[in-house]
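Chain residues, written in single-letter form:
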Amino acid sequence: MNDFKTIQDPSPISHKRALLILATYFIGYIFVIPIILYTIDGFFPGFYPNATVDVAFHTIMTLVFLKLASKLLQESNKHMNPKALVVPILAAPFMIYGSAIINIAMTTISGQTEPVNQSIIIELFNANRLPIMVQVLVFAPIVEEIIFRGIFYRHLKKAGRYLVPLIFSTLLFATLHSLSAIMMQQWTDLWYIPVYAFMALVLAYTYEKSQNLYSSIFLHFINNAISILAMLYALK
């Protein structure tokens, strides 16, 4: 497991900034701002959900997280070299084929055709493509990597002590991607947690080997872009 010991320096962001980033995501993005948007819709019907508002919302939130995590990204700039590009490109086939194999196994065991999270994305994509493309190709790769690899893994990790942050960030990432199913009490969807956990491990490995958060962002983007291409192909 020495592959997860490459990054030795302490996180460049303070504990207060890390807490602010987490609060902005788990309280602001997930709960408070959607409540505000739906409240406005109560006074102005049709305001939300709305494609234009949704794109603006996720674009603004992406910029907010880039600003909040600027020191973390500045650190990655120091490791902007060919390895930062090569590592995610080499990791991409492993993550895509590996997650596909696990997904097939979990589908066979659970009897479901696909995870609830994926079903919701496909349904929303069929209704309106642009908001989902912004969320999946821009917001998710940047913000989720800042949250799960940059904060829960990188910030909690101490030199040589990577196991707890790795397990914690992996399980949280996987659970969050099954949150819709949990809220709908579709417990069989929990079989798909290993799929997301595997992806999280590969993303963390990519971050470690490159010492560059942009590398895991790029890998995350590649994975999501392939999903979008698959949905576009299915619509033909």
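Structure's up top.
Residues numbered from 1 in each chain as written. Predicted model: local features only at pLDDT ≥ 70, side-chain atom pairs only at ≥ 80, totals over all residues. Heavy atoms only, no water.

Asker: How do you make sense of the environment of Ala204 when you look at a structure like this?
Answerer: Along the chain, Ala204 falls in helix H9 (residues 193–210). Residue classification places Ala204 among the buried residues on the basis of a relative accessible area of 1%. Taking the C-alpha atoms as reference points, Ala204 and Ser215, eleven residues apart in sequence, are found 10.0 Å from one another. Discounting residues that sit within four places of it in the chain, Ala204 has contacts with Phe4, Arg149 and Leu166. (Helix = DSSP H or I, 4+ residues; strand = E, 2+ residues; numbered from the N terminus. Buried < 20%, exposed > 50% of the residue type's maximum accessible area, 1.4 Å probe, protein only. Contact = heavy atoms within 4.5 Å.)

Asker: In this structure, what is going on with helix H4 (residues 82–110)? I would like to understand it.
Answerer: In an α-helix, one turn spans 3.6 residues; hence positions three or four apart end up facing the same way. With 29 residues, H4 extends 41 Å from end C-alpha to end C-alpha; this agrees with the ideal 42 Å at 1.5 Å per step. At Ala91, H4 shows its maximal bend, which comes to roughly 30°, and the proline Pro93 appears one to four places after that position. Those residues of H4 not exposed but buried are Ala84, Val87, Pro88, Ala91, Ala92, Met95, Gly98, Ser99, Met106 and Ser110. Summarising the contacts, the buried residues of H4 are in contact with H9 and helix H10 (213–234). The N-terminus of H4 is capped by Asn81, whose side-chain oxygen sits 3.0 Å from the backbone nitrogen of Lys83. Gly111 sits one or two positions beyond H4 and adopts a positive phi of about 85°. (Expected span 1.5 Å × (residues − 1). Bend = angle between axes of the 7 residues up to and from the residue. Polar contact = N/O pair within 3.5 Å; in protein donor to acceptor, adjacent residues only side chain to side chain.)

Asker: So what exactly am I meant to see when it comes to the pattern of salt bridges here?
Answerer: Note on pairing: side chains with opposite charge can pair once their charged atoms come close. Under the counting rule described, the total for this entry stands at three salt bridges. The residue Glu75 makes a salt bridge to Arg154 at a minimum N-O spacing of 2.4 Å. On the criterion of sequence distance, the pair formed by Glu75 in helix H3 (residues 70–77) and Arg154 in helix H6 (residues 129–155) is long-range, its members being 79 residues apart. A salt bridge links Lys157 to Glu208; the shortest N-O distance between them is 2.1 Å. Of this pair, Lys157 sits in the loop between H6 and helix H7 (163–176) while Glu208 sits in helix H9; the two residues are 51 residues apart in sequence, bridging distant segments of the chain. Classification of Lys157 as buried rests on a relative accessible area of 7%. (Salt bridge = Lys/Arg side-chain N within 4 Å of Asp/Glu carboxyl O.)

Asker: I keep staring at a nonpolar patch on the surface and nothing clicks. Help me out?
Answerer: Nonpolar side chains collect at one region of the surface, where Ile27, Phe31, Val32, Ile35 and Ile36 lie side by side and expose about 490 Å² of accessible area between them. Note that Ile36 resides in helix H1 (residues 15–43). (Patch = residues over 30% accessible without salt bridge, like charges linked within 9 Å, V, L, I, M, F, W, Y side chains within 5 Å. Areas by Shrake-Rupley, 256 points an atom, 1.4 Å probe, with all protein chains shown as cover.)

Asker: Looking at this model, I keep getting lost on the nonpolar core. Mind explaining?
Answerer: Nonpolar side chains tend to gather and get buried jointly when the protein is soluble and globular. Membership of the largest hydrophobic core comes to 52 residues, with the highest contact counts inside it found for Ile21, Tyr25, Phe65, Ile146, Ile147, Leu213 and Leu219. At the level of secondary structure, the elements contributing two or more residues to this core comprise H1, helix H2 (51–68), H3, H4, H6, H7, H9 and H10. Broken down by element, the residue count for this core peaks at eleven residues, all from H9. In contact with Leu213, not counting residues within four places along its chain, are Leu72, Leu73, Ser76, Glu145, Ile146, Arg149, Gly150 and Tyr207. By size, the runner-up hydrophobic cluster in this structure holds seven residues, among which are Phe125, Val136, Leu137 and Ala225. (Core = buried A, V, L, I, M, F, W, Y, C linked by side-chain atoms within 4.5 Å.)

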